[in-house]
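Next come the chains, spelled out residue by residue.
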Amino acid sequence: LIALIAFVSLGIHAQTLKDFKSDNCSLWPDGTFRDPYKWADCCRMHDASYWMGGTQKERYEADDELLRCVWKEQPFNAIIMRFGVWIGGTAYLDT
């Protein structure tokens, strides 16, 4: 009975949407030395997409949108960031 209650309560908790928070570009600079927040908006939009959740296809679309957004400002960083979210953006990590 205890295991069943725990299982049900975990399932209900998993369906509860937490408040949105963003640290901009997690573990990566938000911009350049001259413009410290140059692509921070791109990262916040990406964080919001992940926060809302969705399908694997929607995840890849959010990652591609991050790439396009940052690419306008800094193509090299865009490629590295796209690779980083591909590795670190899995649902199996609490990121």
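Residues numbered from 1 in each chain as written. Predicted model: local features only at pLDDT ≥ 70, side-chain atom pairs only at ≥ 80, totals over all residues. Heavy atoms only, no water.

**A word on the pattern of salt bridges**
Here is step 1 of the chain: For the coordinates displayed, the defined rule picks out 7 salt bridges.
Here is step 2 of the chain: With a shortest N-O distance of 3.8 Å, Lys38 and Glu73 are connected by a salt bridge. Highlighted residues: Lys38 in the loop between α1 (2–14) and α2 (40–52) and Glu73 in the loop between α3 (56–71) and α4 (75–88), separated in sequence by 35 residues.
Here is step 3 of the chain: Classification of Lys38 by relative accessible area gives partly exposed; the value is 33%.
Here is step 4 of the chain: Between Arg82 and Asp63 there is a salt bridge, with its nearest N and O atoms 3.7 Å apart. (Salt bridge = Lys/Arg side-chain N within 4 Å of Asp/Glu carboxyl O. Helix = DSSP H or I, 4+ residues; strand = E, 2+ residues; numbered from the N terminus. Buried < 20%, exposed > 50% of the residue type's maximum accessible area, 1.4 Å probe, protein only.)

**Re the packing of α2 against α3**
Packed helices, taken two at a time, are described by the angle their axes make and the gap between the axes.
Here is step 1 of the chain: Relative orientation of the contacting elements α2 and α3 amounts to 175 degrees, with a least axis distance of 9 Å. With respect to each other, α2 and α3 are oriented roughly antiparallel. Residue-level inspection shows Cys42, Cys43, His46, Ser49 and Tyr50 of α2 in contact with α3, the latter providing Arg59, Ala62, Asp63, Leu66, Cys69 and Val70.
Here is step 2 of the chain: Across the contact of α2 with α3, the residue classes break down as 7 nonpolar, 2 polar and 2 charged. (Axes fitted to C-alpha atoms, helices over the stretch in contact; angles between N-to-C directions. Parallel < 35°, antiparallel > 145°, perpendicular 65-115°, else oblique. Contact = heavy atoms within 4.5 Å. Nonpolar A, V, L, I, M, F, W, Y, C, P; charged D, E, K, R; others polar.)

**Focus: a nonpolar patch on the surface**
Here is step 1 of the chain: Together, Leu17, Phe20, Trp51 and Met52 give the surface a local cluster of nonpolar side chains, amounting to about 420 Å² of exposed area.
Here is step 2 of the chain: Locating Phe20 in the fold gives a position in the loop between α1 and α2.
Here is step 3 of the chain: Note on Phe20: relative accessible area 35%, which makes it partly exposed. (Patch = residues over 30% accessible without salt bridge, like charges linked within 9 Å, V, L, I, M, F, W, Y side chains within 5 Å. Areas by Shrake-Rupley, 256 points an atom, 1.4 Å probe, with all protein chains shown as cover.)

**Quick notes on the side chain of Asp63**
Here is step 1 of the chain: Within the secondary structure, Asp63 is located in helix α3.
Here is step 2 of the chain: Residue classification places Asp63 among the buried positions, given a relative accessible area of 0%.
Here is step 3 of the chain: A distance of 2.6 Å separates the side chain of Asp63 from the side chain of His46, its partner in a polar contact.
Here is step 4 of the chain: What Asp63 contacts, discounting residues up to four positions off in sequence, is His46, Tyr50, Arg82 and Val85. (Polar contact = N/O pair within 3.5 Å; in protein donor to acceptor, adjacent residues only side chain to side chain.)

**Notes on the packing of α3 against α4**
Here is step 1 of the chain: Put simply, α3 and α4 touch, their axes get as near as 8 Å, and they point 160 degrees apart. Taken together, α3 and α4 sit at an angle that is classed as roughly antiparallel. Viewed along their axes, α3 and α4 form a crossing whose handedness is right-handed. Within the contact between the two elements, α3 uses Arg59, Tyr60, Asp63, Asp64, Leu66, Leu67, Val70 and Trp71 and α4 uses Pro75, Asn77, Ala78, Ile79, Met81, Arg82, Val85 and Trp86. (Left-handed = near helix turned anticlockwise from the far one by under 90°.)

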